[in-house]
Amino acid sequence: MSAQTSVFDRAFAAFLFDMDGTVLNSIAAAERIWSAWAVRHGVDVATFLPTIHGARAIDTITRLNLPGVDAEEQAAFITAAEINDVEGIVEIPAAAAFLNALPKNRWAMVTSAPRDLALRRMAAAGIPEPAVMITAEDVKAGKPDPAGYLLAAEKLGVEPADCLIFEDAAVGIQAAEAAGAALMIITTTHQHPIETAHATLASYDAISVRVGADGLLRLTEI
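Residues numbered from 1 in each chain as written. Predicted model: local features only at pLDDT ≥ 70, side-chain atom pairs only at ≥ 80, totals over all residues. Heavy atoms only, no water.

### Quick look at the overall build of the protein chain
Counting its regular elements, the protein chain contains nine helices and ten strands. Taken against the 2.2 N^0.38 rule, which gives 17 Å for 222 residues, the C-alpha radius of gyration of the protein chain at 17 Å falls within 12% of a compact globule. Principal-axis analysis of the C-alpha atoms places the extent of the protein chain at approximately 55 × 30 × 30 Å. Across the 222 residues of the protein chain, 50% fall into the buried class. In the protein chain, 15 side chains carry a positive charge and 28 a negative one; their mean positions are 5 Å apart. (Helix = DSSP H or I, 4+ residues; strand = E, 2+ residues; numbered from the N terminus. Rg over C-alpha atoms; globule rule 2.2 N^0.38 Å. Buried < 20%, exposed > 50% of the residue type's maximum accessible area, 1.4 Å probe, protein only. Lys, Arg positive; Asp, Glu negative; His and termini not counted. Charge placed at Lys NZ, Arg CZ, Asp CG, Glu CD.)

### What about the sheet that holds strand β8 (residues 199-201)?
The sheet built from six strands is open, its strands ordered β5-β4-β1-β6-β7-β8 with parallel pairing. The open sheet is flanked by β5 (132-134) and β8, the only strands paired with a single partner. Geometrically, the sheet is characterised by an average inter-axis angle of 25° between neighbouring strands, direction not taken into account. Bridge analysis of strand β1 (residues 14-17) against strand β6 (residues 163-167) gives four bridges, and the strand direction is parallel. Across the sheet, residue F17 finds its bridge partner in β6, namely F166. (Pairing = 2+ DSSP bridges. Axes fitted to C-alpha atoms, helices over the stretch in contact; angles between N-to-C directions.)

### Here's the deal with the packing of helix α2 (residues 27-40) against helix α5 (residues 71-84)
Between α2 and α5, the shortest axis-to-axis distance is 10 Å and the interhelical angle comes to 145°. Crossing handedness for the pair α2 and α5: right-handed. Between α2 and α5, the contacting residues are A30, I33, W34, W37 and R40 on the first element and Q74, F77, I78, A81 and E82 on the second. Grouping the amino acids of the contact of α2 with α5 by side-chain chemistry returns seven nonpolar, one polar and two charged. (Left-handed = near helix turned anticlockwise from the far one by under 90°. Contact = heavy atoms within 4.5 Å. Nonpolar A, V, L, I, M, F, W, Y, C, P; charged D, E, K, R; others polar.)

### A few points about the layout of surface pockets
Reported here for the largest pocket is a volume of approximately 990 Å³. Lining the largest pocket are 37 residues, with I52, H53, G54, A55 and A169 positioned closest to its centre. Residue assignment for the lining of the largest pocket shows that the elements contributing at least two residues are α2, α4 (57-64), α5, α7 (115-125) and α9 (170-179). (1 Å grid on protein atoms, 1.4 Å probe; cavity = no way out; pocket = protein on both sides within 12 Å on 5 of 7 lines; lining within 4 Å. Points joined across faces, edges and corners; volume = space filled by probe spheres on them.)

### With respect to the pattern of salt bridges
Counted according to the given criterion, the structure contains eight salt bridges. Measuring nitrogen to oxygen at the nearest pair gives 2.9 Å for the salt bridge that ties R56 to D59. No difference in accessibility class separates R56 from D59, as the two residues are buried. Beyond isolated ion pairs, a larger network of salt bridges with shared partners links D18, K143 and E167. (Salt bridge = Lys/Arg side-chain N within 4 Å of Asp/Glu carboxyl O.)

### Comments concerning the nonpolar core
In this structure, F15, F17 and Y204 are the most contacted members of the largest nonpolar core, which totals 38 residues. In contact with Y204, not counting residues within four places along its chain, are F17, T22, V23, I92, P93, A94, A95, F98, F166 and I186. By size, the runner-up hydrophobic cluster in this structure holds 22 residues, among which are A14, V158, I173 and A175. (Core = buried A, V, L, I, M, F, W, Y, C linked by side-chain atoms within 4.5 Å.)

### Some remarks on the pairing of strand β10 (residues 217-221)
Pairing between strand β9 (residues 207-211) and β10: five bridges, direction antiparallel. For S208, the partnering residue across the bridge sits in β10 and is T220. As consecutive antiparallel partners, β9 and β10 are separated by five residues, and within that stretch G215 has a phi angle of approximately 85°, a positive value.

If you want it as structure tokens, here you go:
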């Protein structure tokens, strides 16, 4: 693990988590479904797959600007397929235990997935359902727009600048930066090392959390 000293030297009002690649690994299922969809639509799979992670399905499809393709209809198709296929979805190591150690009113999930898909994947991976969950339906603009993180902070009654965001994908990292929050990048599913000034973490069993008398959260390295 690498981390900026400041992440461990300060207290946070809340933790905000991305879902896919951050608390669970759904790459196998997502890439199975998106690969088949890409082939049907004449899209080069190898160059296309890296663009799907962290973004809403409708944004991913819209970016392709395929002639005759209804983005909303195809996004609904993808979501239904992903809900039906959760084979191979697992938690990021020790993520569930880490989340269960947090006070319910001090963390939220902010995902680009629709709510039904998010709940299905969390159940498959054994991830606890948060009290506050922002999904694709809750924002007009998906990541890299910070709207989801800003809304989560608002619902928790805290300032974004007082939050620590856990992210893995490029668009999510951009959203976290735009929200003005501190950032922890989860690298478990990364195929290549990431060069970043932000804190990085490969497994949640390398950290623990302490809740102060003031209700603030403080990370500790194990």
